[in-house]
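The lines below spell out each chain.
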Amino acid sequence: QVQLVESGGNLVQAGGSLRLSCAASVSVGIFSFFDMGWYRQAPGKQRELVARITASGGGTDYADSVKGRFTISRDNAKNMVYLQMNSLKPEDTGVYYCNNFRRSWNWGQGTQVTVSS
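Conventions and cut-offs
- Residues numbered from 1 in each chain as written.
- Predicted model: local features only at pLDDT ≥ 70, side-chain atom pairs only at ≥ 80, totals over all residues.
- Heavy atoms only, no water.
- Core = buried A, V, L, I, M, F, W, Y, C linked by side-chain atoms within 4.5 Å.
- Buried < 20%, exposed > 50% of the residue type's maximum accessible area, 1.4 Å probe, protein only.
- Helix = DSSP H or I, 4+ residues; strand = E, 2+ residues; numbered from the N terminus.
- Pairing = 2+ DSSP bridges.
- Salt bridge = Lys/Arg side-chain N within 4 Å of Asp/Glu carboxyl O.

Right, let's get into the nonpolar core. Judged by nonpolar contacts, the single largest core of 28 residues is most densely connected at Trp38, Leu83, Met85 and Tyr96. Where this core is concerned, the elements lending two or more residues are strand S3 (18-24), strand S4 (36-41), strand S5 (48-53), strand S7 (70-75), strand S8 (80-85), strand S9 (94-100) and strand S10 (111-116). When residues in this core are grouped by element, the largest group, four residues, is from S3.

This is how it looks when you write it as structure tokens:
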């Protein structure tokens, strides 16, 4: 099974920024075949997709709630996916996960993002 490790979450004030990282334990040459996504889940709520990036990194999509504030990127040579989060809002609070967008691998532990008002 592929291992996914998310990092970079923290406690921040509204308006602040965070950069999340996701490392995947697949062969470097294979990682570039997969569209990847960032997801988040707040307590008592369903996990939701917040951003997606195509396998090559040439295309991205965002949930309306984060559009204009978040930027997803990837470095296929390093098996890494990133999520730059700016202008954070309290409603962005949750556990953030990365995964294969088309066919989910095993979910990692996620990284906690808490935004205070």
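Regular strands place their side chains on alternate faces of the sheet. Most of S3 is tucked away, with five of its seven residues classed as buried. As paired strands, S3 and S8 are joined by six bridges and run antiparallel to one another. Considered in S8, the bridge of serine 21 is made with tyrosine 82.

Before going further, it helps to examine the pattern of salt bridges. Throughout the structure, instances matching the rule amount to six salt bridges. Between arginine 102 and aspartate 35 there is a salt bridge whose closest N-O contact spans 3.4 Å. With arginine 102 in the loop between S9 and S10 and aspartate 35 in the loop between helix H1 (28-31) and S4, this residue pair connects regions lying 67 residues apart in the sequence. Arginine 102 sits in the exposed class, given a relative accessible area of 62%. Taking the relative accessible area as the measure of exposure, aspartate 35 reaches 12% and is therefore buried. Between glutamate 48 and arginine 40 there is a salt bridge; the shortest N-O distance is 2.8 Å. Residues participating in the shared-partner salt-bridge network are Asp35, Arg52, Asp61 and Arg102.

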